Amino acid sequence: MDKNSLAPHFTTALATRAMQVETILQKLLDERLRAGEIARPERLMAAMRYGVLNGGKRLRPFLVMETAALFGANEEAALRVAAALESIHCYSLVHDDLPAMDDDDLRRGQPTLHKAFDEAAAILAGDSLLTYAFDIIASDETDLDAATRLELVLSLARAAGPGGMAGGQALDLMAEEQNPDETGIITLQAMKTGALIRFACESGAIIGGATREERERLAEFGSAIGLAFQLADDLLDVTSDAAHLGKAAGKDAAAGKATLVALHGIHWTRNQLAGLVAQAEELLSPFGDKAEILKQAAHFIANRES
Ligand code: GRG
């Protein structure tokens, strides 16, 4: 499958899911108080909306929705889990852009949150987006039984926390001095970027009441496309520019950062990406035609241009 042959169907499906998730995120980020809350400060809510409702690809929500659809799961519930995950993803971008981390001025083609507001607002909006994600899943408005909601909360906490994304970010910050070897880079990337993508795919199985084997298979699918996602990101950093990316390019090389692209070169990376897509497709084979859109997602991730 070349990337142009998949474009129309996949792009439409991604845009449809993005609209669904944006509608629910808008609703969740209104100023209406929920039970137990005292007040929702207007400026904090505006900063949260700025960090979330700003045109991301919504790839992780898409993966939650489409893996849940494999099992004919409750779509409204899947949408709320998808919104929670996107909320965590957006918090990670807001904090990653801060001067103490990557110090970026541009995100999704617009000034980063700390530039548009200020650093304190960016820290608090990130904190609130992270916390709110667990509120969304745990709430009984998410129409799943309590044990399923608890399982989602736990899996998401593990994916986003010290043994997942936040831990990966910590390793990444140390990487400039410590120059990790190949295994170190793979571990770092599986944590920093892979863990949320793996959760996106596994959560669909949890929501849909899949068997243990199906759940493990989808989690593995998530790991394969998560690694592909990061490889494509590293590749874009050396082959693209800020106008295409909506964020700064060439930063990894300028920082002398250890990536698999820096270690093995562009040709090797493209071969790896093809191998990961094949592995992802193989993992989906028991789901037959129902998984076609997820196969297209794997191709999209490996070949993306932004
Ligand atoms: C601050 C705890 C903490 C974690 C930050 C995810 C992350 C960890 C940092 C982001 C740095 C970065 C650019 C990583 C490369 C992969 C990545 C997550 C890219 C952005 O994700 P996309 O392409 O973005 O899905 P959109 O804007 O489409 O949502």
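Residue positions are counted from 1 within each chain, in the order its sequence is given. Where totals are concerned, whole chains, interfaces and linings use all residues; where local detail is concerned, this predicted model gives features only for residues with pLDDT of at least 70, and gives and counts side-chain atom pairs only at 80 or more. The side-chain quantities take in all heavy atoms of the structure and omit both hydrogens and water.

A. Structural detail: the state of the cysteines. Any two cysteine sulfur atoms lying within 2.5 Å of each other are counted as a disulfide. The full count for this structure, using the stated rule, is zero disulfides. Looking at Cys90, it has no disulfide partner, and the nearest cysteine sulfur is the one in Cys201, 17 Å off. Relative accessible area serves as the criterion here: at 0%, Cys90 is assigned to the buried category. The buried label applies to any residue whose accessible area, calculated with a 1.4 Å probe on protein chains only, is under 20% of its type's maximum; exposed applies above 50%, and partly exposed to all values in between. Cys201 sits in the buried class, given a relative accessible area of 0%.

B. Spotlight on the site of the ligand. Any residue with a heavy atom positioned within 4 Å of a molecule or strand is treated as near that molecule or strand. Around the ligand lies a shell of 20 residues, among which Lys57, Arg60, His89, Asp96 and Arg108 are the nearest. A distance of 2.7 Å is found between an oxygen atom of the ligand and a side-chain nitrogen or oxygen belonging to Arg60. Polar contact is the term for a pair of N or O atoms within 3.5 Å; when the atoms are in protein, one must be able to donate a hydrogen and the other to accept it, and sequence-neighboring residues count only if both atoms are side-chain atoms. One nitrogen or oxygen atom from the side chain of Arg108 is found 2.7 Å from an oxygen atom belonging to the ligand. The protein chains hide 93% of the 700 Å² of surface that the ligand would expose on its own. We count a stretch as a helix when DSSP gives it H or I for four or more residues in a row; a strand needs E for two or more, and each element gets its number in order from the N terminus. At the level of secondary structure, the elements contributing two or more residues to the shell around the ligand comprise helix 4 (75-96), helix 8 (165-178), helix 9 (182-207) and helix 10 (212-239). For the shell around the ligand, the element with the most residues is helix 4, which contributes six residues. Gly falls in the polar group here, along with every residue not listed as nonpolar (Ala, Val, Leu, Ile, Met, Phe, Trp, Tyr, Cys, Pro) or charged (Asp, Glu, Lys, Arg). Here the residues of the shell around the ligand sort into five nonpolar, seven polar and eight charged. Here the open area of atoms and residues is found with the Shrake-Rupley method and a 1.4 Å probe, where only the protein chains shown may cover a residue.

C. The arrangement of the pattern of salt bridges in detail. Within this document, salt bridges are pairs made up of a side-chain nitrogen of Lys or Arg and a carboxyl oxygen of Asp or Glu, the two lying within 4 Å of each other. Taken as a whole and assessed by the stated rule, the structure comprises 21 salt bridges. The salt bridge partner of Arg215 is Glu151, with a shortest N-O separation of 2.6 Å. Taken together, the positions of Arg215 in helix 10 and Glu151 in helix 7 (residues 146-160) put the pair 64 residues apart, joining distant regions of the chain. Glu151 gets classed as partly exposed once you look at its relative accessible area, which sits at 33%. Overlapping salt bridges bring together Glu22, Arg58, Glu86 and Arg108 as one network.

D. Local environment of a negative patch on the surface. Patch definition: residues with relative accessible area over 30% and no salt bridge; like charges joined within 9 Å; nonpolar side chains (Val, Leu, Ile, Met, Phe, Trp, Tyr) joined within 5 Å. Only four residue types enter the charge count: Lys and Arg as positive, Asp and Glu as negative, with His and the chain ends excluded. The atom standing in for a charge is NZ when the residue is Lys, CZ when it is Arg, CG when it is Asp and CD when it is Glu. On the surface, Asp102, Asp103, Glu119, Glu176 and Glu177 cluster together to form a negatively charged patch. As for its position among the elements, Asp103 is in the loop between helix 4 and strand 1 (106-107). Taking relative accessible area as the criterion, Asp103 reaches 43% and is therefore assigned partly exposed.

E. The environment of Ala125, seen in detail. Positionally, Ala125 belongs in helix 6 (residues 119-138). The exposure class assigned to Ala125 is buried, which follows from its relative accessible area of 0%. For the pair Ala125 and Tyr91, spaced 34 residues apart in sequence, the C-alpha to C-alpha distance is 7.3 Å.

F. Here's a closer look at the packing of helix 4 against helix 9. Their axes nearest at 11 Å, the elements helix 4 and helix 9 cross at an angle of 165°. With respect to helix 9, the axis of helix 4 lies roughly antiparallel. Where helix 4 crosses over helix 9, the two elements pack in a sense that is right-handed. Mapping the contact onto sequence places Ala78, Val81, Leu85, Ile88 and His89 in helix 4 and Leu196, Phe199, Ala200, Ser203 and Ile207 in helix 9. In terms of residue class, the contact of helix 4 with helix 9 is made up of eight nonpolar, two polar and no charged. Geometry is summarised by axes, namely lines fitted to C-alpha atoms with helices restricted to the contacting stretch, and by angles between N-to-C directions that run from 0 to 180 degrees. Geometric relationships in this document are graded by angle, where less than 35 degrees denotes roughly parallel, more than 145 denotes roughly antiparallel, 65 to 115 denotes roughly perpendicular, and other angles denote oblique. Crossing handedness is defined as follows: a turn of the near helix away from the far one that is anticlockwise and smaller than a right angle gives a left-handed crossing, while the clockwise case is right-handed. Here, two residues are considered to be in contact whenever any of their heavy atoms come within 4.5 Å of each other.

G. Spotlight on the packing of aromatic side chains. Two aromatic rings from Phe, Tyr or Trp, using only the six-membered ring of Trp, form a pair when their centres are within 6.5 Å; if the ring planes differ by under 30 degrees the pair is stacked, by over 60 it is edge-to-face, and anything between is tilted. Using the criterion set out here, one finds four aromatic pairs in the structure. Centroid distance Phe10 to Phe62: 5.2 Å. Interplanar angle 70°. Geometry classified as edge-to-face. With a gap of 52 residues between them, Phe10 in helix 1 (residues 3-28) and Phe62 in helix 3 (residues 59-69) connect regions that are remote in the sequence. According to the relative accessible area criterion, Phe10 is buried, its value standing at 1%. Seen in terms of ring centroids, Tyr50 and Phe117 are 5.6 Å apart; in terms of plane orientation they differ by 70°. Their pairing is edge-to-face. One end of the pair, Tyr50, is in helix 2 (residues 42-52); the other, Phe117, is in the loop between helix 5 (113-116) and helix 6, with 67 residues separating them in the sequence.

H. Region of interest: helix 6. Multiplying one less than the number of residues by 1.5 Å gives the expected span of a helix. Its 20 residues place the ends of helix 6 29 Å apart at the C-alpha level, agreeing with the 28 Å of an ideal helix rising 1.5 Å per residue. The complete set of buried residues in helix 6 reads Ala121, Ala122, Ala125, Gly126, Ser128, Leu129, Tyr132, Ala133, Ile136 and Ile137. For helix 6, the N-terminal capping position is held by Asp118, with its side-chain oxygen 3.2 Å away from the main-chain nitrogen of Ala120.

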